[in-house]
Amino acid sequence: MRKVLLVTGASAGIGTATARLAATRGYDLALNYNSDRAGAETVARAARDAGARTLICQADVGDPEQIARMYREVDGAFGRLDALVNNAGVVDRSAPVTDITHERLRRMFDINVIGAILVAKEAVLRMQAQGDGGAIVNISSAAARLGSGGQYVDYAASKAAIDTFTKGLSDEVSRENIRVNSVRPGLIETDIHAKGGEPGRAERLAHMVPMQRPGSAEEVADAILYLLSDAASYVTGSILEVTGGR
Ligand code: NAP
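Residues numbered from 1 in each chain as written. Predicted model: local features only at pLDDT ≥ 70, side-chain atom pairs only at ≥ 80, totals over all residues. Heavy atoms only, no water.

## A closer look at the sheet that holds strand 4 (residues 83-86)
Stage number 1. Reading across from one edge, 3-2-1-4-5-6-7 is the order of the seven strands in this open sheet, with parallel pairing throughout. The open sheet terminates on both sides in strands that have one partner only, identified here as strand 3 (54-58) and strand 7 (239-242). Across the sheet, the axes of successive neighbouring strands diverge by a mean angle of 15 degrees, strand direction being ignored.
Stage number 2. Across the face of the sheet, helix 3 (residues 64-78) comes into contact with strand 1 (3-7), strand 2 (27-33) and strand 3 while running at roughly 165 degrees to strand 3. (Pairing = 2+ DSSP bridges. Helix = DSSP H or I, 4+ residues; strand = E, 2+ residues; numbered from the N terminus. Axes fitted to C-alpha atoms, helices over the stretch in contact; angles between N-to-C directions. Contact = heavy atoms within 4.5 Å.)

Put into structure tokens, the structure is as follows:
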């Protein structure tokens with residue numbers, strides 16, 4: 001039987017690469033997006049071509065009511081959930097802490113932290129009810145360790161919260177064979193940098209990476225699929241760095 005995987009933020013970047021790879025590894029897919037319907041439809045087509053059943057669900061994970069609607073759709077389409085990639089996330093423009101507003105902090109933490117925790121909570125409730133384990137991969141960032149001073153300390157702090165949440169949730173649910181890990185991507189070539197007002201950021205900062213290049217979304221997806229898989233059956237509460245050594 002194919003396992004059912006929910007990927008949040010599946011319409012672009014790391015989420016798209018993860019969904020595409022997961023379809024080839026035997027998962028059926030619930031594909032969440034917020035604004036990019038066309039991106040979600042493109043990845044859904046590719047997943048179906050690879051043999052997956054797919055559901056596209058629009059929801060802003062910064063809004064608890066939309067998370068609830070998304071899960072009603074997942075329940076209706078598949079009736080179960082085996083795995084979650086908690087990937088949806090945002091950065092913002094580079095700014096010192098002295099310029100960061102309350103409004104900006106609310107958006108960042110509503111999406112990157114509160115949304116991710118609520119999405120994981122609903123996944124755990126379903127996995128516990130099913131009684132046969134599960135796997136969750138939260139997408140953190142090397143920023144959680146680096147702090148991102150002068151760029152986006154708020155983003156870095158939101159990702160540090162994800163790492164702490166990963167360890168705590170893992171401790172709560174590992175007896176039920178629900179494994180919870182996080183992946184910390186480094187500088188990855190996706191549109192997130194342009195959305196934060198810096199289109200050339202990954203190339204510009206590549207010299208700071210020991211491997212001297214940005215990573216690809218596909219390289220992050222490989223790490224995510226490993227953590228979801230039975231090959232990682234004794235791995236939980238861990239943080240996997242995918243940073244080219246940075
Ligand atoms: P991306 O290309 O900008 O894609 C972001 C995805 O998240 C899109 O599918 C977007 O959906 C979705 N999203 C954003 N806000 C959302 C919301 N409120 N509700 C639901 N979905 C939402 O970014 P990416 O680089 O692939 O980043 C994916 C994850 O990796 C993020 O958590 C990011 O922080 C993390 N990360 C990225 C890097 C990097 O260098 N790229 C490094 C470290 C960590 P729509 O487009 O449909 O709105």
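## Considering the layout of surface pockets
Stage number 1. By volume, the largest pocket amounts to about 1000 Å³.
Stage number 2. Taken together, 47 residues form the lining of the largest pocket, with Asn87, Gly89, Val90, Val91 and Ile192 sitting closest to its centre.
Stage number 3. Only helix 1 (13-24), strand 2, helix 4 (102-130), helix 5 (143-146), helix 6 (153-173) and helix 7 (192-195) provide two or more residues apiece to the lining of the largest pocket.
Stage number 4. Looking at the lining of the largest pocket residue by residue, the class counts come to 19 nonpolar, 18 polar and ten charged. (1 Å grid on protein atoms, 1.4 Å probe; cavity = no way out; pocket = protein on both sides within 12 Å on 5 of 7 lines; lining within 4 Å. Points joined across faces, edges and corners; volume = space filled by probe spheres on them. Nonpolar A, V, L, I, M, F, W, Y, C, P; charged D, E, K, R; others polar.)

## Focus on the packing of helix 1 against helix 2 (residues 37-49)
Stage number 1. Direction vectors running N to C along helix 1 and helix 2 enclose 15 degrees, while the axes themselves pass 8 Å from each other. With respect to their mutual orientation, helix 1 and helix 2 come out roughly parallel. In this structure, helix 1 meets helix 2 at a crossing whose hand is right-handed. Within the contact between the two elements, helix 1 uses Thr16, Ala19, Arg20 and Ala23 and helix 2 uses Thr42, Val43, Ala46 and Ala47.
Stage number 2. In terms of residue class, the contact of helix 1 with helix 2 is built from five nonpolar, two polar and one charged. (Parallel < 35°, antiparallel > 145°, perpendicular 65-115°, else oblique. Left-handed = near helix turned anticlockwise from the far one by under 90°.)

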